[in-house]
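One-letter residues, chain by chain:
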Amino acid sequence: VASAGTVTTGAIDPLNDLADFCEQEGLWLHIDGAFGGLGAADPQVAHLYKGIERADSVVLDPHKWLATAVGCSCLLVRQGDLLVDTYKLVPSYLAFQTGKGFAGDKWYSHRSAEQTRPTNRALMCLWNIQQAGSEGIIAHIRRHLDLANSLRLLIETTPGLELIAGGPLPVVCFRATPEALRGSELNRFNQTLVERLQTEGVAFLGGVDVYRGNKKRPKARRTRASVTGYPIEKHENEEAVYCLRYCNLHYAVTEKDVQTIVREVERVAELCLAEQAFAH
Ligand SMILES: Cc1ncc(COP(=O)(O)O)c(C=O)c1O
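Keep in mind that this is a model prediction, so the values were computed, not measured. (Residues numbered from 1 in each chain as written. Predicted model: local features only at pLDDT ≥ 70, side-chain atom pairs only at ≥ 80, totals over all residues. Heavy atoms only, no water.)

## Digging into the overall build of the protein chain
A count of helical and extended segments in the protein chain gives six helices and eight strands. Reading the protein chain from its N end, one meets helices and strands in the order β-α-β-β-α-β-α-α-β-β-α-β-β-α. Residue burial in the protein chain is summarised as follows: out of 280 residues, 38% are buried. Considering only contacts in the protein chain between residues 6 or more positions apart, those separated by 24 or more positions represent 62%. A total of about 16000 Å² of accessible surface is found on the protein chain, and carbon and sulfur atoms cover 55% of it. (Helix = DSSP H or I, 4+ residues; strand = E, 2+ residues; numbered from the N terminus. Buried < 20%, exposed > 50% of the residue type's maximum accessible area, 1.4 Å probe, protein only. Contact = heavy atoms within 4.5 Å. Areas by Shrake-Rupley, 256 points an atom, 1.4 Å probe, with all protein chains shown as cover.)

Put into structure tokens, the structure is as follows:
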């Protein structure tokens, strides 16, 4: 499984290299583009997705970057017949011969785990595509890329904030870095900050561990640990940095919202510092 936009940082795997590898080894290449796959539609970043067209299957979530209401996921499979082989049920009341009778040649309950599904998912997606057209969809994607770039720039120019990862997709991982705090104290502080931000109700950011190289760390150590307690294997020579995570695919988000996020992070960070909320 290759990724066309990871959850944590929006990183895109070298898809063409992975397609070469899978071809050589006779492996099925599935690409998870649930969040980021639609970025391939924007010519400015399309080169990052080179190789996606060689996948055996790709998942895309219109309910993420296509402004479709929740519940609309889409799986593209090169050899569609394999879905029929996998899912078809042949009790007599569903056993129609291809092209004959009521079935026609597409019987969707033979192509997924769901026997019965609401049509509105497909319609929501179709209507959005029809209404926006390819130009509208590209503009929608580009706007989110631009907003995330603005946020990255704002973070880089705001004292007390540090950009950790993200880009070019609209994911931005960053943290507050009050002068007095170091290492694990910084991680704890940022965890408290995320919790407080969420309950303040002005800007909702997630929190996430980002692993980054640390040249000072001895190479031999290999542990299973993460700041959130979720058991992730740490690679040698890496440290977990707990970050605030921005990922905004909403059609109505504006430049003003991005600025509000930064101001709110600054405000709440000051509150947390003043209250020593991180001390325990
Ligand atoms: C890269 C990626 N894959 C898969 C998923 C899961 O998608 P869903 O919630 O539609 O099942 C997500 C959700 O955030 C995602 O970002």
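## Topic: the environment of Leu60
Tracing the chain through its elements places Leu60 in strand β3 (residues 57–60). Residue class for Leu60 comes out buried when judged on its relative accessible area of 16%. Between the C-alpha atoms of Leu60 and Gly36, which are 24 residues apart in sequence, the distance is 7.9 Å.

## Details of unusual backbone geometry
Of note, the bond from Gly167 into Pro168 is cis; its omega dihedral lies within 30 degrees of zero at 5°. By the element assignment, Pro168 lies in the loop between β5 (161–165) and β6 (171–176). Even without being glycine, Ala67 reaches a positive phi, approximately 55°. Summarising the element assignment, Ala67 is placed in the loop between α2 (62–65) and β4 (74–77).

## Let's talk about the site of the ligand
As a matter of local geometry, the ligand sits amid Gly5, Val7, Asp32, Ala34, Phe35, Asp61, His63 and Lys64. At 2.5 Å from an oxygen atom of the ligand is found a side-chain nitrogen or oxygen belonging to Asp61. Measuring from an oxygen atom of the ligand, one finds a side-chain N or O atom of His63 at 2.9 Å. Taken by itself the ligand offers 390 Å² of open surface, and the protein chains cover 56% of this. When grouped by side-chain class, the residues that make up the shell around the ligand number three nonpolar, two polar and three charged. (Near = heavy atom within 4 Å. Polar contact = N/O pair within 3.5 Å; in protein donor to acceptor, adjacent residues only side chain to side chain. Nonpolar A, V, L, I, M, F, W, Y, C, P; charged D, E, K, R; others polar.)

## Things to note about the confidence of the model for the protein chain
Within the protein chain, residue pLDDT values average 88, and 87% of them lie at 70 or more. A low-confidence stretch, residues 220–231 (pLDDT under 50), is modelled with 25 contacts involving residues beyond four sequence positions or located in other chains. (pLDDT = per-residue confidence, 0-100.)

## Observations concerning the packing of aromatic side chains
Any pair of aromatic rings gets described here by the distance separating the centres and the angle formed by the planes. Within this structure, the stated rule accounts for one aromatic pair. Between Phe35 and Trp65, the ring centres sit 6.1 Å apart and the planes meet at 20°, which makes this aromatic pair stacked. Linking Phe35 in the loop between β2 (30–33) and β3 with Trp65 in helix α2, this pair joins segments that are 30 residues apart in sequence. Residue Phe35 is classed as buried on the basis of its relative accessible area, which comes to 7%. Exposure remark for Trp65: the relative accessible area of 0% places this residue in the buried category. (Phe/Tyr/Trp six-rings, centres within 6.5 Å; stacked < 30°, edge-to-face > 60°.)

## Some words on the packing of helix α5 (residues 183–200) against helix α6 (residues 255–275)
For the pair α5 and α6, interaxial distance at closest approach is 9 Å and the crossing angle is 120°. Our classification of the angle between α5 and α6 gives oblique. At the point where α5 passes α6, the crossing takes the right-handed sense. Where α5 abuts α6, its residues Phe189, Thr192, Leu193, Arg196, Leu197 and Glu200 lie against Glu264, Val265, Arg267, Val268, Ala269, Leu271, Cys272, Leu273 and Glu275. Grouping the constituent residues of the contact of α5 with α6 by class yields nine nonpolar, one polar and five charged. (Axes fitted to C-alpha atoms, helices over the stretch in contact; angles between N-to-C directions. Parallel < 35°, antiparallel > 145°, perpendicular 65-115°, else oblique. Left-handed = near helix turned anticlockwise from the far one by under 90°.)

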